[in-house]
Amino acid sequence: MTRTITSIALAALFAAFALPITIVGGADLPDGVRVGDLAPEFRLKNVDGSIVALSQTFANQKGAIVVFTCNHCPYSVKYEDRIIELHDTFGPQGYPVVAINPNDPIVQPEDSFEGMVERAKEKGFKFPYVFDESQKTALSYGARRTPHVFVLSKQKKGFVVEYIGAIDDNPNDQAAVSATYVANAVRALIAGQKVEPTFTKAIGCTIKWKKS
Amino acid sequence: MAPGMLSASILVILLASGVVRAAVTPVTIQELKQRYQQGGDTVYVVNFWATWCRPCVKELPHFDSLQRAHQAMRPVRVLLVSVDDPKDREKVAKFLAARSYAPQSYIVSDGNPSKWIDAVDTTWSGAIPATLFVRNNGKHRRFVEEEFSYQHLEQTFLRFCKDTQ
C-alpha cells in the first residue's frame, strides 16, 4: 500500500516535470532521497547499447555505488581514476559502480551519449556508464552536482540508500585525502557496521538541466 | 590628460606587463561571514566560482557589471570568492589580472569543503556557480545555486534590495 502511494507520488512528480516548465536552479528542484529511503528504480541506456536497470542488473549484488558524473566537468575528471578504483575494489565484493550522466547535451555538448561512449572506451570503464536522458533519475535521487554519489545496499524490500555525498575530502590531491567517505561507507556495509558519516557535501559542477 | 586617465593608463600598462597582479586574498569562510555580518545595510553579493568552472567564468563579467552599474546608487559590495584549490592562488590572480574586474576577490583557504559548505548556506549542494545575497548584518539572505544572465542577476539583486529595505 505504502509503495503504491509512493509510486503514485513519484508518478505525479514526474508528470509535474513533464510539463513545459523551466527548471532554473537549486531552489526549484525536488529534494530527492534521504539516507534510509528506498532507492528509486532506473532503466537507462548503457554505452554498450544495453539497458541497465537497478533491480535487474544488480539483482545478485549486495549493493551498488551510484555515481552521477559526466564527461565535461573538471571535478568529475579529477575523480575518474578514483571511481575506477572503487569499482575494482568493491565490484568483486558485491558493490559495483554504476555511473550515470544526467546532463542535457544541448546545454553541454561534451556530455552527449557519443561523448560518453568515447570516454568509457578511453578510460576503459569496466562498469556501466548510462545516460539519464530524461533527467528523471537525477531528479528522483536529488542529484545536484557532478560528481554526486549514492551508496546503496540490497535488502529484502529493495535497494536502500546508505550514504549520499562526496567520494572523499580532497578532489585536488588524492595523496592528501584524509577521509575516503564512499570506501569507508562500503567497508562498513560489508562488515555489517554503521555507516558514518552518511551525508557529506563537496564542490562540483551543477547538473545541466534542460532549458525547457 | 586627466590624472584619473593617467593613472588608469599606468595601471593598464602595469597589468599588461605583469608587474601588478589582481589581488586575491585568502579567506576562511568564518572571516568571510564576519565581513558581511558586520556590513550593515550594504548589500553583499557573494559569488562562488572557480577558474575550472565554465559557467562560472561565463557569468563573472555580469558580477563586475552589477557592481559598476549600481555602486553609485546604493551601498553594494560584490565579492568574488574562488573555490579553486588554495594552491592555485597564483593562477587565480593571473586569471583575474587579465580581466580587471572591479569587485574584490578572495580564495577560500579552508580545507575539506564538506566542513564549510553548510556554513555558507545549508541548502547549498556544493555545485557552482552559486551566489549569496546578504544584507542587514546577515539578517536577510538569499542563496541561489544557478548560473545568471545579466538581466536575471540584476532583477534578483533589485528584488532583494527592495525586499530587505
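Note that the structure is predicted; figures quoted are calculated from it, not measured.

Reading guide: rules and limits
The numbers attached to residues start from 1 for each chain and follow its sequence in the written order. Think of it this way: whatever chain is written first is A, whatever ligand is written first is 1, and the rest follow in order. This being a predicted model, a pLDDT of at least 70 is required before a residue's local features are given, and a value of 80 or more before pairs of side-chain atoms are given or counted; all residues contribute to the totals for chains, interfaces and linings. The basis for every side-chain value is the complete set of heavy atoms in the structure, and neither hydrogens nor water enter the calculation. Summary of the burial criterion: residues with accessible area below 20% of their type's maximum are buried, those above 50% are exposed, and those between are partly exposed, where the area comes from a 1.4 Å probe applied to protein chains only. By definition, any uninterrupted DSSP run of H or I lasting at least four residues is a helix, any uninterrupted run of E lasting at least two residues is a strand, and each is numbered from the N terminus. A pair of strands is treated as paired once DSSP finds two or more bridges between them. Note on method: axes are straight lines fitted to C-alpha atoms, helices fitted across the in-contact stretch only, with angles between N-to-C directions ranging 0 to 180 degrees. Note on contacts: a residue pair is in contact if any heavy atoms of the two residues lie within 4.5 Å. Disulfide assignment relies on a single distance test, namely cysteine sulfur atoms paired within 2.5 Å. Only Phe, Tyr and Trp rings take part, Trp by its six-membered ring, and two of them pair if their centres are within 6.5 Å. Stacked means planes under 30 degrees apart, edge-to-face means over 60, and tilted covers everything else. By definition, the arc is the one covered by directions from the helix axis to the C-beta atoms. Convention used here: angles under 35 degrees read as roughly parallel, angles over 145 as roughly antiparallel, angles from 65 to 115 as roughly perpendicular, and any remaining angle as oblique. Should the near helix be turned anticlockwise from the far one by less than a right angle, the crossing is left-handed, and should it be turned clockwise, the crossing is right-handed.

**Student:** Looking at this model, I keep getting lost on the pairing of strand β6 (residues 130-135) of chain B. Mind explaining?
**Tutor:** The side chains of a regular strand alternate between both faces of the sheet. All names here are of chain B. The element β6 is largely enclosed, with a buried count of six among its six residues. Residue alternation in β6 divides its side chains into two sets, A130, L132 and V134 and T131, F133 and R135, and both sets are buried. Judged from the five bridges that link them, strand β2 (residues 43-49) and β6 form a sheet pairing that is antiparallel. Looking across to β6, one finds that Y44 is bridged to V134. Of the strand pairs in this sheet, β6 and strand β7 (residues 140-144) are connected by five bridges, and their pairing is antiparallel. If you follow R135 over to β7, its bridge partner there is H140. Hairpin geometry of β6 and β7 is characterised by an intervening segment of four residues between the two adjacent antiparallel strands and by a positive phi of about 55° at N136.

**Student:** What is the right way to read the sheet that holds β2(B) from this model?
**Tutor:** Hydrogen bonds along the backbone pair up the strands of a sheet, which may run parallel or antiparallel. All names here are of chain B. The six strands are arranged β1-β4-β3-β2-β6-β7 in an open sheet whose pairing can be described as mixed. The strands lining the two open edges of the sheet, one partner per strand, are β1 (25-27) and β7. Ignoring which end each strand starts from, the neighbouring axes of this sheet average 25° apart. Each of β2, β3 (76-82), β6 and β7 is contacted by helix α6 (residues 150-163), which is oriented at about 25° to β6, the strand it contacts most.

**Student:** Help me out: how do you make sense of the state of the cysteines in this one?
**Tutor:** Put plainly, two cysteines are in a disulfide when a covalent bond ties their sulfur atoms together. All names here are of chain A. Counted by the stated rule, this structure contains two disulfides over all chains. Each sulfur of the disulfide joining C73 and C205 lies 2.0 Å from the other. Taking the torsion about the S-S bond as the criterion, the C73 to C205 disulfide, at about 80°, is right-handed. Here C73, found in the loop between β3 (63-68) and α3 (74-90), pairs with C205, found in strand β9 (residues 204-206); they are 132 residues apart in sequence, far enough to count as distant.

**Student:** I'm lost on the packing of aromatic side chains in this one. Help?
**Tutor:** Tallied over the entire structure, the rule returns 15 aromatic pairs over all chains. Ring geometry for Y75(A) and W52(B): centres 4.1 Å apart, planes at 20°, overall stacked. Remark: W52(B) occurs in the loop between β2 and α3 (54-70) and Y75(A) occurs in helix α3; the pair is interchain, linking two chains. We classify W52(B) as buried; its relative accessible area is 14%.

**Student:** Sorry if this is basic, but what is going on with helix α4 (residues 113-123) of chain A here?
**Tutor:** At 3.6 residues per turn, the α-helix brings residues three or four places apart onto the same side. All names here are of chain A. F113, G115, M116, R119 and A120 are the residues of α4 that are buried. Projected down its long axis, α4 carries its buried residues within an arc of 150°, all on one side. More than 90 degrees from the buried face of α4, the exposed residues found are E114, E118, K121 and E122. Buried residues belonging to α4 abut β1 (43-46), α3, β4 (97-101) and β5 (129-131).

**Student:** So what exactly am I meant to see when it comes to the packing of α3(B) against α6(B) here?
**Tutor:** What describes two packed helices is the angle between their axes and the distance between those same axes. Residue and element names in this part refer to chain B. Close contact between α3 and α6 brings their axes to 10 Å; oriented N to C, the two are set at 50°. Of the possible angle classes, the one that applies to α3 and α6 is oblique. Judged by the twist between their axes, the crossing of α3 over α6 is right-handed. Contact with α3, carried on its side by H62, F63, S65, L66, A69 and H70, involves Y150, L153, E154, F157 and L158 of α6 and no other residues of that element.

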